[in-house]
Amino acid sequence: MLKPQATSTRDLVNLDGTWRFALVQSDLDSEAPWSKPLPGTLDAPVPASYNDIFVDPAIHNHVGWVSYQRTVTVPRGWTQDRYFVRVSAATHKGRVYINDKFVTEHIGGYTPFDAEVTGLVKPGESFRLTITVNNELTNTTIPPGILEVNEKGKKSQRYFHDFYNYAGLARSVWLYSVPAAEYVKDVTVVTDVEGKTGVINYDIKTDVQESTSGTSVHVVVLDETDKIVAEADGAKGAVKIDNATLWQPGAAYLYQFRAEIRKDGKVVDTYSVATGIRTIEVRGYEFLINGKPFYFTGFGRHEDTAVRGKGHDSAYMVHDFQLMDWIGANSFRTSHYPYAEEVMDFADRHGVVVIDETPAVGLNLFIESGLFGKGARATWSDDFCNDQTREAHADSIRELVARDKNHACVVLWSISNEPSTSEKGAREYFEPLVKLTRELDPSRPVCFINVMFATFDKDLITDLFDVICLNRYYGWYAHTGDLESAETAFETELKGWVAKYKKPIVMTEYGADTMSGMRSHYCTPWSEDYQVAYYNMCHRVHDRVPEVVGEQVWNFADFQTAANHIFRVDGNKKGIFTRDRKPKAIAAVLRERWNAKLDEL
Ligand code: GCB
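Residues numbered from 1 in each chain as written. Predicted model: local features only at pLDDT ≥ 70, side-chain atom pairs only at ≥ 80, totals over all residues. Heavy atoms only, no water.

Participant: Before we go on, may I ask you to explain the nonpolar core in this structure?
Facilitator: Where a protein is soluble and globular, its nonpolar side chains tend to be buried together. Counting 104 residues, the largest nonpolar core has Phe287, Phe299, Tyr534 and Ile576 as the members making the most contacts within it. Mapping this core onto the domain boundaries places at least three of its residues in each of domain 1 (12–179) and domain 3 (294–600). Listed in part, the 32 residues of the second largest apolar core include Phe21, Tyr83, Ala115 and Ile131. (Core = buried A, V, L, I, M, F, W, Y, C linked by side-chain atoms within 4.5 Å. Buried < 20%, exposed > 50% of the residue type's maximum accessible area, 1.4 Å probe, protein only. Domains from an automatic or database assignment.)

Participant: Any chance you could explain the sheet that holds strand 23 (residues 286–289) here in plain terms?
Facilitator: Paired through their backbone hydrogen bonds, the strands of a sheet run either parallel or antiparallel. Taken in spatial order, the 3 strands make up an open sheet running 22-23-24, and their pairing is antiparallel. In this open sheet, the two edge strands, each paired with only one partner strand, are strand 22 (280–283) and strand 24 (292–293). Bridge count for strand 22 against strand 23 is 4 bridges, and the pairing is antiparallel. Bridged to glutamate 281 within strand 23 is leucine 288. (Pairing = 2+ DSSP bridges. Helix = DSSP H or I, 4+ residues; strand = E, 2+ residues; numbered from the N terminus.)

Participant: Help me out: how do you make sense of the site of the ligand in this one?
Facilitator: Close contacts around the ligand come from 13 residues, with Asp162, His336, Glu418, Tyr477 and Lys574 the closest. Taking glutamate 418, its side chain carries an N or O atom lying 2.4 Å from an oxygen atom of the ligand. Between the ligand and lysine 574 there is a distance of 2.5 Å, counted from an oxygen atom to a side-chain nitrogen or oxygen. In the complex, the protein chains occlude 92% of the 320 Å² of accessible area that the ligand would expose alone. (Near = heavy atom within 4 Å. Polar contact = N/O pair within 3.5 Å; in protein donor to acceptor, adjacent residues only side chain to side chain. Areas by Shrake-Rupley, 256 points an atom, 1.4 Å probe, with all protein chains shown as cover.)

Participant: Which parts of the structure should I look at to understand the state of the cysteines?
Facilitator: By definition, a disulfide links the sulfur atoms of two cysteines through a covalent bond. Inspection of every chain in the model, using the stated rule, returns 0 disulfides. With no disulfide of its own, cysteine 447 lies 3.6 Å from the sulfur of cysteine 469, the closest cysteine sulfur. Looking at cysteine 469, the relative accessible area reads 1%, which means it is buried. (Disulfide = S-S within 2.5 Å.)

Participant: So what exactly am I meant to see when it comes to helix 10 (residues 586–600) here?
Facilitator: In an α-helix, one turn spans 3.6 residues; hence positions three or four apart end up facing the same way. A rise of 1.5 Å per residue sets the reference length of helix 10, with its 15 residues, at 21 Å; its end C-alpha atoms lie 21 Å apart and thus fit the reference within 8%. The complete set of buried residues in helix 10 reads Ile586, Ala587, Leu590, Arg593, Trp594 and Lys597. Along helix 10, the residues classed as buried sweep out an arc of 135° about the axis, all on the same side. For helix 10, exposure combined with an orientation more than 90 degrees from the buried face picks out Glu592 and Asp599. Elements in contact with the buried residues of helix 10: strand 25 (296–300), helix 3 (314–327), helix 9 (528–544) and strand 32 (548–554). (Expected span 1.5 Å × (residues − 1). Arc of directions from axis to C-beta. Contact = heavy atoms within 4.5 Å.)

So, in structure tokens, the structure goes:
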């Protein structure tokens, strides 16, 4: 799933802007919105979630299909090409129609897909492009949810993750071309280091439509000054770069790995992958990048801003990376779904380390029954996470690895956030998924993110993974307001994990809801003072447990959550920054601690 690229043999047309927009009010097939111009007067921005754009609760709370539509012209020069519409994300299910014709469907809200237009519309002609998007979550989608219908027949959506179910076309849409005869369909690079030599192991897949005798694959590696530093022939192999500059956290260096198809000495297709040369290893209690112990500082985050929802926005992206740099964050987790590819590219370019997560969040009925007394229901069961759910989960892993495998920034795959791993059936569910992840990418370690109920004596799956990732809220959800007992309980638990598993621990979440501006002489929960005291307590514990190799606080910024919970006031307020990126008092404290940590690394 290569990200579309403009090269000397390929073109790229961006289709962002305002599209016609309408809700599908009844049944998609009988309304057939693709068959004519959309009814009504609404326009919606792409990229953006549609929920907060309009001042209309019917749109904000809509459950079901919506339609986006616009006219697209195929460039007249594309006579020797194949061409596709690339949808970078349609949350959670998307269908593409070219004029009256259904072309493709994709399930999974945070990974891209293509619809081929070649053969349906000629170069120089225009067509009506309709993308219908469905936001429903069921027990066989990832993430899962439950659809409910009230006595008046109105649908509503329940889900088990703590962020708003934003939907729509939140990332860019493109029209792109590749050479028709033969093109580079996929590139995989895996890097290694031998002394001062950088090694890029590569595997190039081509798509051949015509009989193309006489073509060959060639690779060229350029450094950051565009100087050729290595070349090789063949679709699979290794290239070596003497005195390579490594990709380091905080000091990125990217080579361009250019795959070329040549015919009679001419380049007939070319595609480049920005490649950082680095190694990753988990050894004993250490997480090593380029052979050196790494300590994660940074955040669990969300793609979340006012008005846009999960819509990708370059201004916010750059600003957020600036804030992370300012505060001394060397890493983040793409909690709880794959982020826009632009974010991954940016992390590569700026040396920010990423724990890359699938959208498998909320595979847990225990939290609901435990916290809200809703009555115990089994998570791993025929009527919730069953074989079909696991198949959808496997697809989400396949698509994440296919999309992000070449990013130097990605050092660890997280295959799920807070599944119910103390419940019977968890091991049977996860074992094949861990195996699959390792087959898809033997070069990176694998983790899942552990929930507070599944302590070391109850969890059933941790031995299958390389790193222990813990979300803990001692002093917030447990021992609320009592940091003294929280400190003891937290340290006791960490030591239990160390003794049992002998693996490195990354704290992937810890935090306390905090109303910006609320101050308290008594360090009351929700005040900025409590947030500071809470983090100081956690950090004392981290510093006493040397097997802790990282701390990612929850959350980078305040974010929107589902409206039907009484324990959230206009969203989750555990941000270090407010939703509009203003610092809370804790920001200065983290800045001092993390910058000191970075100096030690
Ligand atoms: C968690 C979840 C995260 C929530 C957070 C919280 O453990 O992983 O999605 O937002 O707790 O604030 O409750």
